[in-house]
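Spelled out, the chains give:
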Amino acid sequence: MTRIPKHGGLDHSLSLLSDPYRYITKTCDRLETDVFHTRLLLQKVICMRGKEAAKLFYDTSRFSREGVSPSHIAKTLFGQGGVQGLDDEAHLHRKAMFMSIVRHERVDKLAATFRDVFQQRLVQWTKMNSVLLYRQVQEIITIAVCRWAGVPLPDGDVDRRTTQLASLFDYAANIGPKHWYARIARKQTNAWLGELIEQVRRADYQPPKNSAAEIIALHRELDGNQLSTHVAAVELNNVIRPTIAVSAFIVQSAHALHQHPEYRQRIADGEDGLLQCFAQEVRRFYPFFPFAGAKTRESFVCNGYRFPAGQKVLLDLYGTDHDPRIWELPDKFDPDRFKNWQRCPFSLIPQGGGDYATNHRCPGEPIAIELMKVALDLLVNYCQYEVPEQELAIDMRRMPAIPASGFTIMKLNLANGGKASA
Ligand code: HEM
């Protein structure tokens, strides 16, 4: 048996915080390994990267998710009691609820609603001196996802709810005042959504058929009981909050269009499948979630390495998406690499790996891709704009990583007399 290589030293939390997307890969490269021991927040942690590591990590017979999220993440990003922390039958059953919310035709409906709201905003943007894309797209998605999910949102509440919901993912990794803001926002949004769940159950409010609000409010657990109001609110938030986070992928898409203008023409020419390839490459290339965490159930040996029982393990998502053994020239932005891509559940893992229904892979992947495709189509085919001088470097310490400026555009005009392509 071989000992798992160790990143020596007292604690490496600061190294991780100062370079969250590259700490695992850099350390793997230095130690010439795909797996190593380290100490983070004074705890022993195993880090690993690559396709084989992903296969192992998503083996639910070996890994559990119970109690894995650090408390500052559970109290902001995820909420407490949600699907992320469940295992076995309880997880499969709850996950089936999510899969019914994101059925193909429902995703198409969300994409159509998003397109409508976005098109209305484009008209407003023609009258604005400058448009901060990140914030504006967050508002567009908040309106669209609430409408689609059956969550009433009066016009006067859009600004406040967008700020609260966006803080849950934008400030989750922060410490200090931003973190405390996100904790308060988590309570406020859970209270708002919890009240809605109660109204649905009392039949004081009837959400649209098959909407997330209806499915979650009426869902029964394996014991036949409904979810507690708190957990139902967390799960409804688990649909709304990450959909708004797609705004980061959309800003990254706009950034990629700006850096690689040749794709504008190819998209405008309607090249078959290019929107899909472009969206996939943005998800692979740009940093979003650095890693996912789990813990071993029992001790086991894999590839000669002993993993102890109850051991916290981090899988490098960003590093695997940039692994040169999987991706040729991984640091080159190249949507064409997805033209004849043989789909593999463990190689492209910005939103986790494995199987949607039976594992912890993100059920919102089709939502992210479809919203990105709509946004790309509208930004290329429906309008013209200028990108003024600004800080466009991707801030690799920010999670999710977007340009420090939030991506400002100016002088927006509608193209083709304001007619978007279908
Ligand atoms: C903004 C783009 C998104 C990114 C980068 C993202 C990323 C992720 C990641 C990394 C995981 C964890 C995988 C793991 O634990 O192994 C996850 C899980 C999850 N995501 Fe997403 N996600 C996104 C969008 C969405 C959307 C639109 C939804 C809406 C349905 C969603 C709902 C969830 C849920 C419910 C889980 C937990 C699944 C489980 O534990 O079984 N996500 N996501």
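See the structure above.
Attention here is on the structure that accompanies the text. Quick caveat, the model's predicted, so the values are computed rather than measured.

Attention shifts here to the pairing of strand β8 (residues 312-316). Across the five residues of β8, five count as buried, placing the element largely inside the fold. Burial along β8 is two-sided: K312, L314 and D316 and V313 and L315, pointing in opposite directions, are all buried. As defined by bridge partners, strand β2 (residues 43-48) adjoins β8 across four bridges and the pair is classed as parallel. Each bridged residue has a counterpart across the sheet, and for V45 the counterpart in β8 is K312. Bridge count between strand β5 (residues 291-296) and β8: five bridges; the pairing is antiparallel. By the bridge assignment for β8, A292 is matched with L315.

Now for the sheet that holds β8. With mixed pairing, five strands are arranged side by side in an open sheet as β1-β2-β8-β5-β3. The two strands at the open ends of the sheet, each matched to only one other strand, are β1 (35-40) and β3 (63-64). Pairing analysis gives six bridges linking β1 to β2, with the strands arranged antiparallel. Counted as the bridge partner of L40 is Q43 from β2. Where helix α2 (residues 23-31) meets the sheet, its contacts fall on β1, β2, β5 and β8, and the angle it forms with β1 comes to roughly 125°.

Below, the discussion takes up the coordination of the iron atom of the ligand. In this structure, the iron atom of the ligand receives exactly one donor atom from the protein: C362 (SG), at 2.3 Å. You can see C362 is positioned in the loop between α14 (317-321) and α15 (365-381).

Criteria and cut-off values
- Within each chain, residue numbers correspond to sequence positions counted from 1 in written order.
- Local features in this predicted model are restricted to residues of pLDDT 70 or higher, and side-chain atom pairs are both shown and tallied only at a pLDDT of 80 or more, whereas totals for entire chains, interfaces and linings draw on every residue.
- Heavy atoms throughout the structure, all of them, feed into the side-chain values; hydrogens and water do not.
- Burial here depends on accessible area, computed with a 1.4 Å probe over protein chains only, as a share of the maximum for the residue type. Under 20% is buried, over 50% is exposed, and the range in between is partly exposed.
- Starting at the N terminus, helices and strands are each numbered in turn, a helix being any DSSP run of H or I of at least four residues and a strand any DSSP run of E of at least two.
- Pairing between two strands is assigned when DSSP locates at least 2 bridges connecting them.
- Should any heavy atoms of two residues lie within 4.5 Å, those residues are counted as being in contact.
- An axis is simply a line fitted to the C-alpha atoms; with a helix, the fit covers only the stretch in contact. Between two such axes, the angle follows the N-to-C directions and lies from 0 to 180 degrees.
- Keep in mind that water is not among the atoms, so a site may look incomplete; donors are the N, O and S atoms within 2.8 Å of the metal, or 3.2 Å for Na, K and Ca.

In short, geometric facts, not functional conclusions.
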